[in-house]
Amino acid sequence: MTITKLANRASALAPLFARGWKDQLPRRDAIMKSYQFRDFNQAWQFMSAIALKAETAAHHPEWFNVYNKVEVTWSTHDADGCSERDVNLATFCDEVAEKLK
């Protein structure tokens, strides 16, 4: 299966940008968001949920965690930029974070 970049990047990513995702252009074709949770356990719960979903999708995030903060970056290396996979998993991240509030 060939994975391609988003056909219309601006419109595909606009809903994510409205929810706090940041564009990494021009440095790289990726999206990033920082989350802050109540404590380390809640941050770990978030990361665990994302890890399980990412594994089933065969698409994994770049992330950084310190105590209650998690920074997530999505980009599809096979497409050399953002793909529908990134949009779907970024949306899932927001859904999980919302449930943990």
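Everything below is about the structure shown above.
Our subject in this report is the structure included herewith. The model shown is predicted, which means the values in this text are computed figures rather than measured ones.

### Here's the deal with the pairing of strand β4 (residues 69-74)
Within a regular beta strand, the side chains point alternately toward one face of the sheet and then the other, so they alternate between its two faces.
Phase 1 of the analysis: Sheet topology places strand β2 (residues 31-36) next to β4; six bridges connect them, and they run antiparallel. Note that in β4 the partner of Q36 across the bridge is K69.
Phase 2 of the analysis: Of the strand pairs in this sheet, strand β3 (residues 62-66) and β4 are connected by five bridges, and their pairing is antiparallel. Bridging across to β4, N65 finds its partner in V70.
Phase 3 of the analysis: The antiparallel pairing of β3 with β4 creates a hairpin that spans two residues between the two strands, and Y67 there sits at a positive phi of about 50°.

### Digging into the nonpolar core
Phase 1 of the analysis: If you look at the biggest cluster of nonpolar residues, it comprises 24 residues, and the most contacted ones within it are W21, F46 and W74.
Phase 2 of the analysis: Contributions of two or more residues to this core are made by α1 (9-18), β2, α2 (40-57), β4 and α3 (84-100).
Phase 3 of the analysis: Sorting elements by how many residues they give to this core places α3 first, with eight residues.
Phase 4 of the analysis: Not counting residues up to four positions away in its chain, the partners in contact with W21 are L16, I31, M32, K33, Y35, V72, W74, A90, C93 and D94.

### Concerning α3
Phase 1 of the analysis: Here α3 is 17 residues long and its end C-alpha atoms lie 25 Å apart, about the 24 Å a rise of 1.5 Å per residue gives.
Phase 2 of the analysis: Within α3, burial applies to D86, V87, L89, A90, F92, C93, D94, V96, A97 and L100.
Phase 3 of the analysis: Packed against the buried residues of α3 are α1, β2, α2 and β4.

### Overview of a nonpolar patch on the surface
Phase 1 of the analysis: Taken together, the side chains of F40, W44, F64, V66 and Y67 define a hydrophobic patch exposed on the protein surface, amounting to about 550 Å² of accessible area.
Phase 2 of the analysis: For the nonpolar patch, the secondary structure elements donating two or more residues are α2 and β3.
Phase 3 of the analysis: Residue position: Y67 is located in the loop between β3 and β4.

What counts as what
Residues numbered from 1 in each chain as written. Predicted model: local features only at pLDDT ≥ 70, side-chain atom pairs only at ≥ 80, totals over all residues. Heavy atoms only, no water. Pairing = 2+ DSSP bridges. Helix = DSSP H or I, 4+ residues; strand = E, 2+ residues; numbered from the N terminus. Core = buried A, V, L, I, M, F, W, Y, C linked by side-chain atoms within 4.5 Å. Buried < 20%, exposed > 50% of the residue type's maximum accessible area, 1.4 Å probe, protein only. Contact = heavy atoms within 4.5 Å. Expected span 1.5 Å × (residues − 1). Patch = residues over 30% accessible without salt bridge, like charges linked within 9 Å, V, L, I, M, F, W, Y side chains within 5 Å. Areas by Shrake-Rupley, 256 points an atom, 1.4 Å probe, with all protein chains shown as cover. Salt bridge = Lys/Arg side-chain N within 4 Å of Asp/Glu carboxyl O.

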